[in-house]
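# Structure assessment
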Amino acid sequence: MDSEQLREYGHRMVDFIADYYKTIETFPVLSQVQPGYLHNLLPDSAPDQPESLEQVLHDVKEKIFPGVTHWQSPSFFAYYPANSSVAGFLGEMLSAALNIIGFSWVSSPAATELEMIVLDWFAKLLNLPDQFLSKGTGGGVIQGTASEAILVVLIAARDKVLRSVGKNALEKLVVYSSDQTHSSLLKACQIAGIHIENCRFLKTDSSTNYALRPESLQEAVSQDLEAGLIPFFLCGTVGTTSSTAVDPLAALGKIAKSNEMWFHVDAAYAGSACICPEYRQYIDGVETANSFNMNAHKWFLSNFDCSLLWVKDQCALTEALSTNPEFLKNKASQANLVVDYKDWQIPLGRRFRSLKLWMVLRLYGADTLKSYIRNHIKLAKDLEQLVSQDPNFEVVTPRIFSLVCFRLVPVDNDEKKCNNRNRNLLEAVNSSGKLFISHTTLSGKFILRFAIGAPLTEEKHMKEAWKVIQEEASYILASQVK
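Residues numbered from 1 in each chain as written. Predicted model: local features only at pLDDT ≥ 70, side-chain atom pairs only at ≥ 80, totals over all residues. Heavy atoms only, no water.

### Description of a nonpolar patch on the surface
On the surface, a cluster of nonpolar side chains totalling about 430 Å² of accessible area is made up of Val14, Val86, Leu90, Met93 and Leu363. Among the elements that make up the nonpolar patch, the one with the highest residue count is helix α3 (residues 86-98) (3 residues). Residue placement: Val14 occurs in helix α1 (residues 3-22). The class of Val14 is partly exposed, set by a relative accessible area of 39%. (Patch = residues over 30% accessible without salt bridge, like charges linked within 9 Å, V, L, I, M, F, W, Y side chains within 5 Å. Areas by Shrake-Rupley, 256 points an atom, 1.4 Å probe, with all protein chains shown as cover. Salt bridge = Lys/Arg side-chain N within 4 Å of Asp/Glu carboxyl O. Helix = DSSP H or I, 4+ residues; strand = E, 2+ residues; numbered from the N terminus. Buried < 20%, exposed > 50% of the residue type's maximum accessible area, 1.4 Å probe, protein only.)

### A short note on the sheet that holds strand β1 (residues 139-143)
The 7 strands lie next to each other as β1-β7-β6-β5-β4-β2-β3, forming an open sheet whose pairing is mixed. Each end of this open sheet is capped by a strand with a single partner; those strands are β1 and β3 (199-202). Direction aside, neighbouring strands of the sheet carry axes that sit 20° apart on average. As defined by bridge partners, strand β2 (residues 173-178) adjoins strand β4 (residues 230-237) across 4 bridges and the pair is classed as parallel. (Pairing = 2+ DSSP bridges. Axes fitted to C-alpha atoms, helices over the stretch in contact; angles between N-to-C directions.)

### Some words on the side chain of His264
Position of His264 among the secondary structure elements: in strand β5 (residues 262-266). A polar side-chain atom of His264 sits 2.7 Å from a polar atom in the side chain of Ser291. With near-sequence residues (within four places) excluded, His264 lies in contact with Ile150, Val153, Phe233, Leu234, Cys235, Gly236, Ser291, Phe292, Asn293 and Leu309. (Polar contact = N/O pair within 3.5 Å; in protein donor to acceptor, adjacent residues only side chain to side chain. Contact = heavy atoms within 4.5 Å.)

### As for the nonpolar core
Phe292, Phe300, Leu308 and Trp310 are the most contacted members of the largest nonpolar core, which totals 71 residues. Once you skip the residues sitting within four places of it in the chain, Phe292 turns out to touch Leu126, Leu128, Phe132, His264, Val265, Ala267, Ile283, Val286, Leu308, Leu309 and Trp310. Formed by 36 residues, the second largest nonpolar core is a distinct cluster that contains Ala157, Ala192, Ile194 and Tyr341. (Core = buried A, V, L, I, M, F, W, Y, C linked by side-chain atoms within 4.5 Å.)

### Description of the packing of helix α4 (residues 109-125) against helix α12 (residues 354-389)
At a minimum axis separation of 9 Å, α4 and α12 run at an interaxial angle of 45°. Comparing their axes, α12 and α4 come out oblique. Taken as a pair, α4 and α12 cross one another with a handedness that is left-handed. Listed contacts from α12 to Ala111, Leu114, Glu115, Val118, Trp121, Phe122 and Leu125 of α4 are Ser354, Leu355, Leu357, Trp358, Leu361, Arg362 and Ala366. (Parallel < 35°, antiparallel > 145°, perpendicular 65-115°, else oblique. Left-handed = near helix turned anticlockwise from the far one by under 90°.)

### Details of empty space enclosed by the protein
Applying the stated criterion across every chain, the model contains 2 cavities of 30 Å³ or more. Taken as a whole, the largest cavity holds about 50 Å³ of empty space. Across the lining of the largest cavity, the residue classes break down as 3 nonpolar, 4 polar and no charged. Its volume calculated, the second largest cavity comes out at about 30 Å³. Lining the second largest cavity we find Met116, Ser134, Gly138, Gly139, Gly140, Gln314, Val339, Tyr341 and Trp344. Tallied by class, the residues present in the lining of the second largest cavity amount to 4 nonpolar, 5 polar and no charged. (1 Å grid on protein atoms, 1.4 Å probe; cavity = no way out; pocket = protein on both sides within 12 Å on 5 of 7 lines; lining within 4 Å. Points joined across faces, edges and corners; volume = space filled by probe spheres on them. Nonpolar A, V, L, I, M, F, W, Y, C, P; charged D, E, K, R; others polar.)

### Remarks on the pattern of salt bridges
Evaluation of the coordinates by the stated rule reveals 23 salt bridges. The residue Arg351 makes a salt bridge to Glu92 at a minimum N-O spacing of 2.9 Å. In this pair, Arg351 is assigned in the loop between α11 (331-334) and α12 and Glu92 in helix α3, connecting sequence segments 259 residues apart. Arg351 sits in the partly exposed class, given a relative accessible area of 34%. The closest approach of N and O atoms between Glu319 and Arg163, which form a salt bridge, is 3.0 Å. Of this pair, Glu319 sits in helix α10 (residues 314-321) while Arg163 sits in helix α5 (residues 146-165), and the two are 156 residues apart along the sequence. Accessibility expressed as a relative area gives 45% for Arg163, which makes it partly exposed. Look at the salt bridges and you will find they share partners, linking Glu92, Asp305, Arg351, Arg353 and Lys356 into a network.

Here's what the structure looks like:
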């Protein structure tokens, strides 16, 4: 590492990135390349001799950028947002510079202790119960993704119940959630050895805006108990991926507690909004949960990856996930004086991810972050109004946060043709390169999803995107009339 070369190259790279952000609106939001495009542009083996930074950056512009979907574009409205920010970027730079592998406290004490502190800060912003704070038996940890978070708590719950009923009962363990729960739960069950036939993805519908009915859960649990099975894990969601449905946490938690199930709350997207007092109500009942997760890298200006997980009982994690090889033994760990986060996650190694969250919280402050989230929700509310005013469209589910779910209305109640029309509209809009939205299906209906949350998005971008959608819809409707 040559510090002067780093200074020179670093300045040039920062200039390159700043110029990218300055011109980001000139790129098609969704990459328009075909599969395999890059194989035709790059050599089939690595260079034997060093190349210049100018050559590499030239190739980034000419060969890499065409294959990039620009998640930071102000006209990116697909999936859910993946926020970047100056503060998050600076935290990433510092983490890369230090490049520590913070698997245990002794491997870098500041990495462990800062993570504990910022997770406590965030828990207080969310007004989580004290049981989730590090001062007691619980605490927080940064995972890579919500998929990792749900896997580690599922494994903890599995091992906890098997210690009680015996390891041979694995085939009797049953998991519950709504059919709107993220697919990461199914993957976690596959990895953890839960039999797929024992995964209850309970049906939801528009009558509850696709939230899980407590009655459906109670009925399923009762049937499984009668069949000699063991209910052990429930996942509730605050802000489902398809439509931001909010499960009734308090009622679900009561059922989980009476049946001694682990209750996990997935608020990967919507959790950020809950630092605002007016949206905190959507996690009411979190006090009944054993674990709670939200992604700061979605909507909280913290560059990917930064998924925050809190548990009430850290021992449940460590008993399931800890290893203690000789080469990692040290006085602080052996004396139980410290937290070793290697025992709260799947991998051994871990990055200094708390730096970027610390930077975001300090450089912006809670009030600015609340305003940032409220602005996106206001833009979504305005879009919802625009959709409602157009007779060609309908809002399919009530907007709660910053996602609007809508579609072209069916003609003559023909749902099949309506679905095809909306598929064509999605393809036309995204092929334009002017914006990027995604889709889902609800009760067999093909739905367009417009998620507002990119840091650069302003009112003009939302209105320009809606204009493109209306124009493309007009072409489709006119062609079908002919």
